[in-house]
Amino acid sequence: MNAALNEQVGNEFGASLQYVAIAAYFSGEGLTELANHFYKQASEERDHAMRFVKYIVDAGGHLLIPAIAAPKDVFKSVADAVKLSLNWEQTVTKQINELVDLATRENDHITANFLDWFVNEQLEELTSMDNLLKVVKLAGDNLLYIEEYVARHGIAKGDAGGAARAAVD
Ligand SMILES: [Fe+2]
Ligand SMILES: [Fe+2]
């Protein structure tokens, strides 16, 4: 369990780095609101990594932060970058599920209970990223629409109706 949790520390820091790279890409394209949104996501992912770190330490485990692969730095389009983020969140959801499976197999209820927060968090993260991808698709070539959407509505977590409401506003 300790080794699997260490892996996840790397995965969460990896997500953080990927979102920094995406934020920098958006910033370079003049998409300030999207850039800020992704810088915020990057810092949330760092917080996730730190939650795992604290838990490993509190549980008397050994923290070993694995090597973290360089994030992707070239994106074909805004949609490409957001799609990559959604794929990333889907992968993390799978990783969290596997951690819960492992904790359950090992009758490690304390770890399973700790992981509950992440199970809920992944639902929100998937919804919010899926929502953003919908907005990006609705916007087509009108990137300023996405900027305005993010500025006015944020990409509210758990707000699957956000895109629909933005479209009728
Ligand atoms: Fe995360
Ligand atoms: Fe995430």
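Since the model is a prediction, treat every value here as computed from it, not as a measurement.

Visitor: Would you explain the overall build of the chain in this entry?
Guide: When helices and strands are counted, the chain shows six helices and zero strands. Helices and strands in the chain line up, N terminus first, as α-α-α-α-α-α. Over its C-alpha atoms the chain spans a radius of gyration of 17 Å, differing by no more than 12% from the 15 Å that the globule rule assigns to 169 residues. A principal-axis box enclosing the C-alpha atoms of the chain has dimensions of 50 × 30 × 20 Å. Counting all 169 residues of the chain, 44% fall into the buried class.

Visitor: Explain the coordination of the iron ion (ligand 2) here, please?
Guide: Ideal values for angles at a metal depend on the geometry: 109.5 degrees with four tetrahedral donors, 90 or 180 degrees with six octahedral donors. The coordination sphere of the iron ion (ligand 2), as far as protein atoms go, consists of Glu45 (OE), Glu89 (OE), Glu89 (OE) and Glu125 (OE), spread over 1.8 to 2.5 Å. Written as a sequence motif, the donor arrangement for the iron ion (ligand 2) is E-x43-E-x35-E. Relative accessible area serves as the criterion here: at 2%, Glu125 is assigned to the buried category.

Visitor: For this particular structure, what's the right way to read helix 2 (residues 32-58)?
Guide: Two residues of an α-helix separated by three or four positions point the same way, owing to the 3.6 residues in each turn. Taking 1.5 Å of rise per residue, 27 residues should cover 39 Å, and helix 2 covers 39 Å from first to last C-alpha, within 8% of that figure. One or two positions beyond helix 2, positive phi appears at Gly60, with a value near 80°.

Visitor: How should I be thinking about the environment of Gln8 in this particular structure?
Guide: Along the chain, the position of Gln8 falls in helix 1 (residues 2-28). The exposure class assigned to Gln8 is buried, which follows from its relative accessible area of 2%. Separated by 58 residues in the primary sequence, Gln8 and Pro66 place their C-alpha atoms 9.1 Å from one another. When neighbours within four sequence positions are excluded, Gln8 is seen to be in contact with Phe52, Val92, Gln95, Ile96 and Leu99.

Visitor: Any chance you could explain the coordination of the iron ion (ligand 1) here in plain terms?
Guide: Glu12 (OE), Glu45 (OE) and His48 (ND1) make up the full set of protein donors to the iron ion (ligand 1), lying at 2.1 Å. Each donor residue of the iron ion (ligand 1) lies on one chain, and together they are spaced E-x32-E-x2-H. The metal-metal distance between the iron ion (ligand 1) and the iron ion (ligand 2) is 3.4 Å, with Glu45 coordinating both. Pair noted here: Glu12 is in helix 1 and Glu45 is in helix 2, with a separation of 33 residues, a long-range link. Both residues of the pair, Glu12 and Glu45, count as buried.

Visitor: How should a nonpolar patch on the surface be read in this particular structure?
Guide: There is a patch of nonpolar side chains on the surface, built from Leu17, Val57, Leu63, Ile65 and Ile68 and spanning about 380 Å² of accessible area. Classification of Ile68 as partly exposed rests on a relative accessible area of 33%.

Visitor: Please explain the side chain of Gln95 as it appears in this structure.
Guide: Along the chain, Gln95 falls in helix 3 (residues 78-105). Residue class for Gln95 comes out buried when judged on its relative accessible area of 18%. Excluding residues that lie within four positions of it along the chain, Gln95 makes contacts with Gln8 and Asn11.

Visitor: What is the right way to read helix 1 from this model?
Guide: Between its first and last C-alpha atoms helix 1 spans 39 Å; for 27 residues at 1.5 Å apiece the expected length is 39 Å, and the two agree. Immediately downstream of helix 1, the backbone of Gly30 shows phi near 85°, a positive value.

Visitor: Quick question: what am I supposed to make of unusual backbone geometry here?
Guide: In this structure, Asn107 is a non-glycine residue whose phi angle is positive, near 55°. Within the secondary structure, Asn107 is located in the loop between helix 3 and helix 4 (109-139).

So, how was this worked out
- Residues numbered from 1 in each chain as written.
- Chains lettered and ligands numbered in written order.
- Predicted model: local features only at pLDDT ≥ 70, side-chain atom pairs only at ≥ 80, totals over all residues.
- Heavy atoms only, no water.
- Helix = DSSP H or I, 4+ residues; strand = E, 2+ residues; numbered from the N terminus.
- Rg over C-alpha atoms; globule rule 2.2 N^0.38 Å.
- Buried < 20%, exposed > 50% of the residue type's maximum accessible area, 1.4 Å probe, protein only.
- Donors = N, O, S within 2.8 Å, 3.2 Å for Na, K, Ca; no water.
- Expected span 1.5 Å × (residues − 1).
- Contact = heavy atoms within 4.5 Å.
- Patch = residues over 30% accessible without salt bridge, like charges linked within 9 Å, V, L, I, M, F, W, Y side chains within 5 Å.
- Areas by Shrake-Rupley, 256 points an atom, 1.4 Å probe, with all protein chains shown as cover.
- Salt bridge = Lys/Arg side-chain N within 4 Å of Asp/Glu carboxyl O.

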